[in-house]
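# Summary of the model geometry
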Amino acid sequence: MRPHIPALDTAAMPWAERNKGIYSKMLSQDPETGARTALQRLVPEAGYTPPTVAHFHHADEEILVVKGLLSFDSRDWLGPRGYVFHPAETVHGFKSAVPEESWFISRVSKELDFNYVPEPPQTTYYSAYNRPPKREISVVKQAVDAGGWVDERDGYGGRGWTRQLVLGRNSQTGEGSHFIRLLPGWEMPKGDFVHDVYNESFVLEGEVQLADGTLRKTGSYSFIPPGIAQPSARSPKGALLYVNVGGPLDFRSVS
Ligand SMILES: [Fe+2]
């Protein structure tokens, strides 16, 4: 399991240059499995060129675009808030393109290996070993404008309106990714609470105030392992969160 990260101000972190035109901020890592979440920045003007050969990984790979524009096949384009989940063994990257500086959150389920497929038999997603994935492929090109948003009163453990969109989910375990929009005035009941599954979140817009005085502004990241007590939260001005959870999310009061 990854360590507890109550709130990380990613805007204040320096970029580490990984390769020509590729910069990265490591947000959290599981030392045992190599699973990690990172903020990545690709800059064509600084020499970044996308891979030209299709490939697959033995890790699940999930991408959420923060800004810019990118594609794995030059047909489907992911703009800001675009999302893709490539299950392990999915061949992708048939004609990758990054025409402008692009930032995205990258989540992988274990150490990322690269297996190249120079002459793929098709140029749409397929399984390298011809077997169904544990969790379905998911592509949400313009998630903010996409259908499927659900308005929920008193959602996400609070009082007040939320709007939620499932981006991708394992139907067996409930592990998956969501957009959760907290409408202005959303507020949790006072007192600490715990989840029985991990909760990883990134503030994409707006801000969230925690009862311990922490202000989670745009760019704030957190990873809460199961069973860790957390302060309650509120969002007077509203916020948009990118949330990944280990299963169905419950809120249990501990005070
Ligand atoms: Fe990849």
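For clarity, every value in this text was computed on a predicted model and none was experimentally measured.

Counting its secondary structure elements, the chain contains zero helices and 24 strands. Dimensions of the chain, computed from the C-alpha atoms along their principal axes, are close to 60 × 40 × 40 Å. Every one of the 255 residues in the chain was classed for burial, and the buried ones make up 48%. Here the analysis covers contacts within the chain between residues at least 6 apart in sequence; of these, 71% occur between residues at least 24 apart. Accessible surface for the chain amounts to roughly 12,400 Å². Of this, 51% is attributable to carbon and sulfur atoms. Of the charged side chains in the chain, 27 are positive and 30 negative; the average position of the first set lies 3 Å away from that of the second.

With that settled, consider the coordination of the iron ion. Six octahedral donors around a metal ideally make angles of 90 or 180 degrees; four tetrahedral donors ideally make 109.5 degrees. Protein coordination at the iron ion: the donors are His55 (NE2), His57 (NE2), Glu61 (OE) and His92 (NE2), at 2.1 to 2.7 Å from the metal. Each of the four donor atoms bound to the iron ion contributes to angles spanning 77 to 158°, and the resulting shape is irregular. Along the chain, the residues donating to the iron ion fall in the pattern H-x1-H-x3-E-x30-H. For the pair shown, His55 and His57 are each scored as buried.

Let's shift gears to the sheet that holds strand E23 (residues 239-245). Pairing is antiparallel in the open sheet, where seven strands are placed in the order E1-E21-E18-E23-E15-E14-E13. Edge strands, defined here as strands with exactly one partner in the open sheet, are strand E1 (5-9) and strand E13 (150-153). Strand-to-strand twist across the sheet, computed as the mean angle between neighbouring axes with direction ignored, equals 25°.

Right, let's get into the nonpolar core. Judged by nonpolar contacts, the single largest core of 20 residues is most densely connected at Phe179 and Tyr242. Put simply, the parts of the chain that give this core at least two residues each are strand E6 (61-67), strand E7 (83-86), strand E14 (161-169), strand E18 (199-206), strand E21 (220-224) and E23. Counting 14 residues, the second-largest nonpolar core is a separate cluster that includes Met188, Val203, Ala233 and Val243.

Right, let's get into the pairing of E18. Across the eight residues that make up E18, a large majority, six, are buried. Relative to E21, E18 runs antiparallel, the two sharing four bridges. Counterpart to Asn199 in the pairing with E21 is Ile224. When E18 meets E23, the two strands line up antiparallel, connected through seven bridges. In the strand pairing of E23, Asn199 is matched with Val245.

In the structure shown here, the tally under the stated rule is 14 salt bridges. Note that Arg75 and Asp73 form a salt bridge whose closest N and O atoms lie 3.8 Å from each other. Sharing partners across several salt bridges, the network here consists of Arg2, Glu62, Arg107, Arg135, Glu175 and Glu200.

With that out of the way, let us pick up the side chain of Arg36. Looking at where Arg36 falls in the secondary structure, it is placed in strand E4 (residues 36-42). With no salt bridge to any partner, buried Arg36 finds its closest opposite charge in Glu61, at an N-O distance of 6.4 Å. Of the polar contacts made by the side chain of Arg36, one reaches the backbone oxygen of Ser106; its length is 2.9 Å. Leaving out residues up to four positions away in the same chain, Arg36 has contacts with Arg2, Met26, Ser28, Gln29, Ser106, Arg107 and Val108.

Let us look at the domain arrangement of the chain. Once the domains are mapped, the chain shows domain 1 (13-140) and domain 2 (150-253). Relative placement of domain 1 and domain 2: their C-alpha centres are 25 Å apart. Summing the contributions of domain 1 and of domain 2, the shared interface buries around 1,400 Å²; its carbon and sulfur component is 59%. It is Arg81, Arg107 and Arg135 in domain 1 that bury the most area against domain 2; as a group they hold 41% of the surface buried on that side. As a salt-bridge pair, Glu200 and Arg107 come within 2.9 Å of each other at their nearest N and O atoms. For the pair domain 1 and domain 2, the interface holds ten residue pairs in polar contact (both at pLDDT 80 or more). Listing elements by their share of the side of domain 1 that touches domain 2, those giving two or more residues are strand E3 (22-29), E6, strand E9 (102-108) and strand E12 (138-140). A per-class count over the side of domain 1 that touches domain 2 returns five nonpolar, three polar and five charged.

About the cut-offs
- Residues numbered from 1 in each chain as written.
- Predicted model: local features only at pLDDT ≥ 70, side-chain atom pairs only at ≥ 80, totals over all residues.
- Heavy atoms only, no water.
- Helix = DSSP H or I, 4+ residues; strand = E, 2+ residues; numbered from the N terminus.
- Buried < 20%, exposed > 50% of the residue type's maximum accessible area, 1.4 Å probe, protein only.
- Contact = heavy atoms within 4.5 Å.
- Areas by Shrake-Rupley, 256 points an atom, 1.4 Å probe, with all protein chains shown as cover.
- Lys, Arg positive; Asp, Glu negative; His and termini not counted.
- Charge placed at Lys NZ, Arg CZ, Asp CG, Glu CD.
- Donors = N, O, S within 2.8 Å, 3.2 Å for Na, K, Ca; no water.
- Tetrahedral: all angles 85-135°; square planar, octahedral: opposite > 155°, others 65-115°.
- Pairing = 2+ DSSP bridges.
- Axes fitted to C-alpha atoms, helices over the stretch in contact; angles between N-to-C directions.
- Core = buried A, V, L, I, M, F, W, Y, C linked by side-chain atoms within 4.5 Å.
- Salt bridge = Lys/Arg side-chain N within 4 Å of Asp/Glu carboxyl O.
- Polar contact = N/O pair within 3.5 Å; in protein donor to acceptor, adjacent residues only side chain to side chain.
- Domains from an automatic or database assignment.
- Buried area = accessible area lost by both parts, 1.4 Å probe.
- Nonpolar A, V, L, I, M, F, W, Y, C, P; charged D, E, K, R; others polar.

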